[in-house]
Amino acid sequence: MNEQSKLQIIARKIGAVLFGVVIANVITAAIGEGAGYIYPKEEEMWLFGFWGNHHVLRVIASIIGTAFGGFVTGCIVKSRGRVWGVASALPTSIFWVVVASLAFNYKGPLFLPLTIGQWIVVTIIVVTSPVVGCFFGKYGQDFRDENSEVFDGRKGTLLGIKWYHWFWLIFVIDWVAAFATYSAYQGIWI
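In this report, we go over the structure that sits alongside the text. Here the structure is a predicted model, which is why all the values come from computation and not from measurement. (Residues numbered from 1 in each chain as written. Predicted model: local features only at pLDDT ≥ 70, side-chain atom pairs only at ≥ 80, totals over all residues. Heavy atoms only, no water.)

### Notes on the overall build of the protein chain
Counting its regular elements, the protein chain contains 7 helices and 2 strands. Overall, the protein chain shows an N-to-C arrangement of helices and strands of α-α-α-α-α-α-β-β-α. Scored against the burial criterion, the 190 residues of the protein chain give a buried share of 39%. Partitioning the intrachain contacts of the protein chain with sequence separation of at least 6 by distance along the chain shows that 75% fall at a separation of at least 24. Accessible area of the protein chain: about 11200 Å², with a carbon and sulfur share of 71%. (Helix = DSSP H or I, 4+ residues; strand = E, 2+ residues; numbered from the N terminus. Buried < 20%, exposed > 50% of the residue type's maximum accessible area, 1.4 Å probe, protein only. Contact = heavy atoms within 4.5 Å. Areas by Shrake-Rupley, 256 points an atom, 1.4 Å probe, with all protein chains shown as cover.)

In structure tokens:
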């Protein structure tokens, strides 16, 4: 294996992690957007990733986003899906550790003391994100192995889709996830 192919493999894996992080954030933000349609007055007060008193919804959204990000990362990397799935979940954990440390150390108009519910959200997300990323990274790798003809059959694609289609497909994913969240809440209320 020459030096250029090693660099291509490393670049592919780093790109997979970055793409997994993007997908995780798009899905989590879309779920928050859908919840914002349900709670329009409360949405104005949502700061730094906290969704008011909707702690369970925030944890579920983060887990769903991390699961999709880990799965996508595992599909792209082809090997060691667990390790790369954890790598795609680490930015989520790091974000929440930073938010918690800022809230703990800095008191001011932007950072109010965290409630018990918010501390629970931070703790659950920090602990579960790497675990979920690990599990779904391996699942994504196994899924790719079982369906290699789809992923490897077309050169120059990302998950079997031409790379340039992802520019508009991200908006569709965002819209579908927001609509699904809104619909699920409406179904629960009915």
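So that's the structure; there's more coming.
### Observations regarding the packing of helix α3 (residues 55-77) against helix α5 (residues 116-146)
Two quantities define a packed helix pair, namely the angle between the helix axes and the distance between the axes. Axis separation between α3 and α5 bottoms out at 6 Å; the angle between their running directions is 25 degrees. Comparing their axes, α5 and α3 come out roughly parallel. Considering the relative orientation of α3 and α5, their crossing is right-handed. For the contact of α3 with α5, a count of residues per class yields 13 nonpolar, 13 polar and 2 charged. (Axes fitted to C-alpha atoms, helices over the stretch in contact; angles between N-to-C directions. Parallel < 35°, antiparallel > 145°, perpendicular 65-115°, else oblique. Left-handed = near helix turned anticlockwise from the far one by under 90°. Nonpolar A, V, L, I, M, F, W, Y, C, P; charged D, E, K, R; others polar.)

### Thoughts on the side chain of K13
Within the element layout of this structure, K13 appears in helix α1 (residues 3-38). Of the side chains with opposite charge, D145 lies nearest to the buried K13, which makes no salt bridge, at 11 Å. Excluding residues that lie within four positions of it along the chain, K13 makes contacts with V77, S79 and W84. (Lys, Arg positive; Asp, Glu negative; His and termini not counted. Salt bridge = Lys/Arg side-chain N within 4 Å of Asp/Glu carboxyl O.)

### Structural notes on the packing of aromatic side chains
A full pass over the atoms with the stated rule returns 5 aromatic pairs. Measuring from ring centre to ring centre gives 5.5 Å for F71 and Y139, while their planes differ by 40 degrees; the resulting arrangement is tilted. In this pair, F71 sits in helix α3 while Y139 sits in helix α5, placing the two residues 68 residues apart along the sequence. Note on Y139: relative accessible area 44%, which makes it partly exposed. Here the aromatic rings of F95 and W96 are separated by 5.2 Å at their centres, their planes lie at 85 degrees, and the arrangement is edge-to-face. Following the ring pairs from residue to residue traces out a cluster consisting of F71, F135, F136, Y139 and F143. (Phe/Tyr/Trp six-rings, centres within 6.5 Å; stacked < 30°, edge-to-face > 60°.)

### Topic: the side chain of T73
Within the secondary structure layout, T73 lies in helix α3. Residue contacts for T73: discarding those within four places in its chain leaves A16, V17, G20, W84, G85 and S88.

### Digging into the packing of α3 against helix α4 (residues 81-105)
At their nearest, the axes of α3 and α4 sit 8 Å apart, and the two run at 145 degrees to each other. For the element pair α3 and α4, the recorded crossing hand is right-handed. Of the residues in α4, those touching α3 at R58, S62, T66, G69, G70, T73, G74 and V77 are G81, W84, G85, S88, A89, T92 and W96. Taken together, the residues that form the contact of α3 with α4 break down as 4 nonpolar, 10 polar and 1 charged.

### Some points on the environment of A16
By the secondary structure assignment, A16 is in helix α1. The exposure class assigned to A16 is buried, which follows from its relative accessible area of 0%. In sequence terms A16 and C75 are 59 residues apart; their C-alpha atoms lie 8.5 Å from each other.

### A short note on the pattern of salt bridges
Within the structure shown, the criterion is met by 1 salt bridge. One salt bridge in this structure joins D142 and K138, with 3.1 Å as the shortest N-O distance. Taken together, the positions of D142 and K138, both in helix α5 and 4 residues apart, correspond to about one turn of that helix. Accessibility expressed as a relative area gives 28% for D142, which makes it partly exposed.

### Some remarks on unusual backbone geometry
Unlike most non-glycine residues, K78 shows phi in positive territory, near 75 degrees. For K78, a relative accessible area of 39% gives the class partly exposed.

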